[in-house]
Amino acid sequence: MRRSPISYLFLLVCLLLLSCEAEQEYSSWACRFSYNNQIHNDATLATALNSSSRGVFCLITETTRSGAKYLNFQNSEGLSSQQPETAEEVQARFIIGLNNGIIVGYQTLNTDGPNGGFVAYDEQCPNCVRRENNTSNPNYRLVMASTGIATCSKCERRYDMNNGGLLLNGEDGDTGLEKYVANTTGPFGVVSVFRR
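Attention in this report is confined to the structure presented alongside it. (Residues numbered from 1 in each chain as written. Predicted model: local features only at pLDDT ≥ 70, side-chain atom pairs only at ≥ 80, totals over all residues. Heavy atoms only, no water.)

Let us now look at the overall build of the protein. Tallying secondary structure elements over the protein gives 5 helices and 12 strands in all. Long-range pairs, those at least 24 residues apart, make up 56% of the contacts in the protein between residues at least 6 apart in sequence. Accessible surface for the protein amounts to roughly 11100 Å². Of this, 50% is attributable to carbon and sulfur atoms. (Helix = DSSP H or I, 4+ residues; strand = E, 2+ residues; numbered from the N terminus. Contact = heavy atoms within 4.5 Å. Areas by Shrake-Rupley, 256 points an atom, 1.4 Å probe, with all protein chains shown as cover.)

This is how it looks when you write it as structure tokens:
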């Protein structure tokens, strides 16, 4: 009995699907952040929420000083600012990535899709976190450059934030940046970042 070329093609496709590991698109690390920049009008954050400013990224962290909570914004162009959290924001209890740091902005590459290339990354180097097996208190922070490259302060791996967090140097088995689901309504609108 002779098989048709279509049955061989079907078999080949099935084998390829079974042999490939599906790469996880979004991080499983905790993250829950929603911020209304229409209330705060923070110019540093607005630079990264503007689709006309592709390649500008903003690091978001949270600090507490004298019992009050603040959000800190630092963009890849060197601007920084700080905003006190409203009572509603304090009550929301933000989870800002694995260890208090997320990076948001519009990529210059990979601009297709519903968000037009708007992305959010965890600020921790995923390869150091996994190598050290330390998700409870990691301190492998990324340093952003105006070129859209983020470099791990510990291992010096480099990641291209303009291209999906792609790893630029590393070893076999290393991965790119951890990504979160991200949406924005514009520079002085709402930005939301969460894990899927």
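The next subject is the side chain of threonine 61. As for its placement among the helices and strands, threonine 61 is situated in strand 2 (residues 57–65). Once you skip the residues sitting within four places of it in the chain, threonine 61 turns out to touch Tyr70, Leu71, Asn72, Ile96, Asn100 and Gly101.

Attention shifts here to the pairing of strand 12 (residues 190–194). Regular strands place their side chains on alternate faces of the sheet. Where strand 1 (residues 32–36) lies against strand 12, 5 bridges are found, and the strand directions are antiparallel. Residue pairing in the sheet places phenylalanine 33 in a bridge with valine 193 of strand 12. In the sheet, strand 11 (residues 179–184) pairs with strand 12 via 4 bridges, with the strands oriented antiparallel. If you follow valine 181 over to strand 12, its bridge partner there is phenylalanine 194. If you look at the hairpin formed by strand 11 and strand 12, you'll find 5 residues sitting between the two strands, and glycine 186 has a positive phi there, around 130°. (Pairing = 2+ DSSP bridges.)

A word on unusual backbone geometry. If you check the backbone angles, asparagine 100 has positive phi at about 65° while not being a glycine. Position of asparagine 100 among the secondary structure elements: in the loop between helix 4 (87–92) and strand 5 (102–106). Residue asparagine 100 is classed as partly exposed on the basis of its relative accessible area of 26%. Within the chain, asparagine 110 stands out as a residue other than glycine whose phi angle is a positive 55°. Its location among the elements puts asparagine 110 in the loop between strand 5 and strand 6 (118–122). (Buried < 20%, exposed > 50% of the residue type's maximum accessible area, 1.4 Å probe, protein only.)

The biggest cluster of nonpolar side chains holds 40 residues, and the ones touching the most others in it are Phe33, Leu45, Ile60, Val104 and Val193. If near-sequence neighbours (up to four positions away) are discounted, isoleucine 60 is found in contact with Phe33, Leu45, Leu71, Asn72, Phe73, Ile96, Asn100, Gly101, Ile102 and Val104. (Core = buried A, V, L, I, M, F, W, Y, C linked by side-chain atoms within 4.5 Å.)

Overall, the coordinates contain 0 disulfides when judged by the stated rule. Cysteine cysteine 125 remains unbridged, with the sulfur of cysteine 152 as its closest cysteine sulfur at 3.8 Å. (Disulfide = S-S within 2.5 Å.)

On to the sheet that holds strand 7 (residues 142–144). The strand order across the open sheet built from 4 strands is 7-8-9-10, with neighbouring strands paired in antiparallel fashion. Here the strands that pair on one side only, and so sit at the sheet edges, are strand 7 and strand 10 (166–167). Of the strand pairs in this sheet, strand 8 (residues 149–152) and strand 9 (residues 158–160) are connected by 3 bridges, and their pairing is antiparallel. Within the sheet, the bridge partner assigned to isoleucine 149 lies in strand 9 and is aspartate 160.

The next point concerns the pairing of strand 3 (residues 68–75). Pairing analysis gives 8 bridges linking strand 2 to strand 3, with the strands arranged antiparallel. By the bridge assignment for strand 3, arginine 65 is matched with alanine 68. Where strand 2 folds back onto strand 3 in an antiparallel hairpin, the turn is made up of 2 residues, including serine 66, whose phi is positive at roughly 55°. The pairing of strand 3 with strand 4 (residues 80–84) spans 5 bridges and is classified as antiparallel. By the bridge assignment, glutamine 74 is partnered in strand 4 with serine 80. As consecutive antiparallel partners, strand 3 and strand 4 are separated by 4 residues, and within that stretch glycine 78 has a phi angle of approximately 100°, a positive value.

With that settled, the discussion passes to the sheet that holds strand 3. The pairing of strands in a sheet happens through backbone hydrogen bonds and is either parallel or antiparallel. Ordered in space as 1-12-11-6-5-2-3-4, the 8 strands form an open sheet in which the pairing is antiparallel. A strand with exactly one partner marks an edge of an open sheet, and here the two such strands are strand 1 and strand 4. Strand-to-strand twist of the sheet, defined as the mean angle between neighbouring strand axes without regard to direction, takes the value 20°. (Axes fitted to C-alpha atoms, helices over the stretch in contact; angles between N-to-C directions.)

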